[in-house]
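Structural description and commentary
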Amino acid sequence: MSILKGVGVALVTPFNENLSVDFESLTRLVDFNIENGTNYLVVLGTTAEAATLSAEEKKQVIEHIIKVTNQRVPLVLGIGGNNTLEVKKQIEETDLSAFEAVLSVSPYYNKPNQEGLYQHYKMLASTGKNIIIYNVPSRTGQNIEAETTLRLAKEFPNLLMIKEAAPNILQYFDILRKKPEGFNLVSGDDEFTLPVTLAGGNGVISVIGQAYPKEFSTMVQLAFDRKVDEAYEIHNKLVEITRLIFAEGNPCGIKVVLAEKGIIKNYLRLPLVAASEGLYTKIKAEMANI
């Protein structure tokens, strides 16, 4: 889907000191991204600590982001899980009128084989809704192999894209080489964004991009324009901060950056904890370098 091209960002959920949702900071974060070139927003992805939000809080976050965005950029909604029938039910029962697609992470913990992963997404495709496959083996414990992704892409047109975050970049390239027309791939790994975009990807769904939206969106557009040297100049400037924010898990690192920029407060919900003092110091120093 061409509308989901460029830089999408997986928004964090800001919290107050009492760990209630900080809607004032969420407004600042959405506005900061839209005003600085982010192409679309991903709501309630794993970066949003969605697993720690109640059903009512999720509803409030969705409504708030729809209101603040006010149709200025497209929206994608995260709905995933390891109970296929329940995920299908949620997709069918959720009002998706404000969203271009659902981002659905592959089943975690169960560790299904490739046939199980195929059948999972086949079931989600049966809803008729636009679905983005999300492969992130570091979180789910199981990789969706390129052959499985391509099988799904060829059989179900409403499985319109994959957010690919496998650790092996060759898997991205295999999908890009063999994918059917109309099926797209975006990087789910910030550091792979530039080479994957240059190889034919549709950009990225990013974590670091929400802190540096102007730089990241400029880099991706330069890649689309085949201005490789200029694009790599930005990539090289951001590569160290990109590595640092994931050093102790996501989203503790990106919350440090956003807090230092005065956009949100640096609070997370258990079982996640704030970045260590050592990491905080390193992130602050790298931000000063940038």
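Structure: see above.
Cut-offs and rules
Residues numbered from 1 in each chain as written. Predicted model: local features only at pLDDT ≥ 70, side-chain atom pairs only at ≥ 80, totals over all residues. Heavy atoms only, no water. Helix = DSSP H or I, 4+ residues; strand = E, 2+ residues; numbered from the N terminus. Rg over C-alpha atoms; globule rule 2.2 N^0.38 Å. Buried < 20%, exposed > 50% of the residue type's maximum accessible area, 1.4 Å probe, protein only. Contact = heavy atoms within 4.5 Å. Areas by Shrake-Rupley, 256 points an atom, 1.4 Å probe, with all protein chains shown as cover. Lys, Arg positive; Asp, Glu negative; His and termini not counted. Charge placed at Lys NZ, Arg CZ, Asp CG, Glu CD. Polar contact = N/O pair within 3.5 Å; in protein donor to acceptor, adjacent residues only side chain to side chain. Phe/Tyr/Trp six-rings, centres within 6.5 Å; stacked < 30°, edge-to-face > 60°. Core = buried A, V, L, I, M, F, W, Y, C linked by side-chain atoms within 4.5 Å. Axes fitted to C-alpha atoms, helices over the stretch in contact; angles between N-to-C directions. Parallel < 35°, antiparallel > 145°, perpendicular 65-115°, else oblique. Left-handed = near helix turned anticlockwise from the far one by under 90°. Nonpolar A, V, L, I, M, F, W, Y, C, P; charged D, E, K, R; others polar. Salt bridge = Lys/Arg side-chain N within 4 Å of Asp/Glu carboxyl O.

Observations regarding the overall build of the protein chain
Summing up its helical and strand segments, the protein chain has 12 helices and 8 strands in all. The C-alpha radius of gyration computed for the protein chain amounts to 18 Å, which stays within 12% of the reference 19 Å derived for 290 residues, consistent with globular compactness. With respect to the three principal axes, the spread of C-alpha positions in the protein chain is 50 × 45 × 35 Å. Residues classed as buried in the protein chain amount to 54% of the 290 residues present. The long-range fraction of contacts in the protein chain, counting pairs at least 24 apart against all pairs at least 6 apart in sequence, stands at 70%. As presented, the protein chain carries roughly 12600 Å² of accessible surface, and 49% of it is formed by carbon and sulfur atoms. One way to put it: in the protein chain the 29 positive side-chain charges average out to a point 2 Å from where the 34 negative ones average out.

Overview of unusual backbone geometry
Cis geometry marks the peptide bond from Asn250 to Pro251; its omega dihedral reads 10°. Among the secondary structure elements, Pro251 is positioned in the loop between helix 10 (228–245) and helix 11 (252–260). Of the consecutive residues Leu270 and Pro271, the connecting peptide bond is found in the cis state with omega at 15°. Backbone geometry places Asn70, a non-glycine residue, at a positive phi of 50°. Considering the arrangement of structural elements, one finds Asn70 in the loop between helix 2 (55–69) and strand 3 (75–78). With a phi angle near 55°, Lys111 is a residue other than glycine that sits in the positive phi range.

Some details on the side chain of Asn250
By the element assignment, Asn250 lies in the loop between helix 10 and helix 11. Here Thr47 takes part through its side chain, which lies 2.9 Å from a polar atom of the side chain of Asn250. Every residue in contact with Asn250, bar those within four places of it in the chain, is listed here: Thr47, Arg139, Val207 and Leu272.

Digging into the packing of aromatic side chains
Under the definition given, this model contains 2 aromatic pairs. Relative to Phe156, the ring of Tyr118 has its centre 6.2 Å away and its plane inclined at 45°; by these criteria the two rings are tilted. Of this pair, Tyr118 sits in helix 4 (residues 114–125) while Phe156 sits in the loop between helix 6 (146–155) and strand 6 (159–164), and the two are 38 residues apart along the sequence. In this structure Tyr118 comes out as buried when scored by relative accessible area, which is 4%. On the basis of relative accessible area, Phe156 is assigned to the buried category, the value being 16%. Ring centres of Tyr172 and Phe192 lie 5.4 Å apart, and the angle between their planes is 80°; this geometry places the pair in the edge-to-face category.

What about the nonpolar core?
Membership of the largest hydrophobic core comes to 82 residues, with the highest contact counts inside it found for Val43, Leu44, Ile241, Ile254 and Val257. The dominant element in this core, judged by the number of residues it contributes, is helix 10, at 6 residues. Once you skip the residues sitting within four places of it in the chain, Val257 turns out to touch Ala211, Tyr212, Ile241, Ile245, Ile283 and Met287.

So, the packing of helix 6 against helix 7 (residues 169–178)
Between two packed helices, both the angle of their axes relative to each other and the distance between the axes serve to describe the pair. As a packed pair, helix 6 and helix 7 sit with axes 9 Å apart at the nearest point and diverge in direction by 30°. As far as their axial angle goes, helix 7 and helix 6 are roughly parallel. For helix 6 against helix 7, the interelement crossing comes out right-handed. Contacts from Ala146, Thr149, Leu150 and Lys154 in helix 6 reach Gln171, Asp174, Ile175 and Lys178 in helix 7. Residues belonging to the contact of helix 6 with helix 7 are distributed by class as follows: 3 nonpolar, 2 polar and 3 charged.

Quick look at the pattern of salt bridges
Applying the stated criterion across every chain, the model contains 11 salt bridges. Note that Lys255 is salt-bridged to Glu49, the shortest N-O span being 2.7 Å. Remark: Glu49 occurs in the loop between strand 2 (40–43) and helix 2 and Lys255 occurs in helix 11; sequence separation between them is 206 residues. For the pair formed by Lys255 and Glu49, the shared burial category is buried. With a shortest N-O distance of 3.9 Å, Arg151 and Glu155 are connected by a salt bridge. Taken as a pair, Arg151 and Glu155 lie in helix 6 at a separation of 4 residues, close to a single helical turn. By relative accessible area, which is 34% here, Arg151 ends up partly exposed.

Side note on the packing of helix 1 (residues 23–35) against helix 2
Closest axis-to-axis distance for the helix 1/helix 2 pair is 10 Å, and the angle between their directions is 40°. When the interaxial angle is binned, helix 1 and helix 2 end up oblique. Every pair of crossing elements has a handedness; the one defined by helix 1 and helix 2 is right-handed. Packed against helix 1, whose contacting residues are Phe23, Leu26, Thr27, Val30, Asp31 and Ile34, the element helix 2 presents Gln60, Val61, His64, Ile65, Val68 and Thr69 at the interface.

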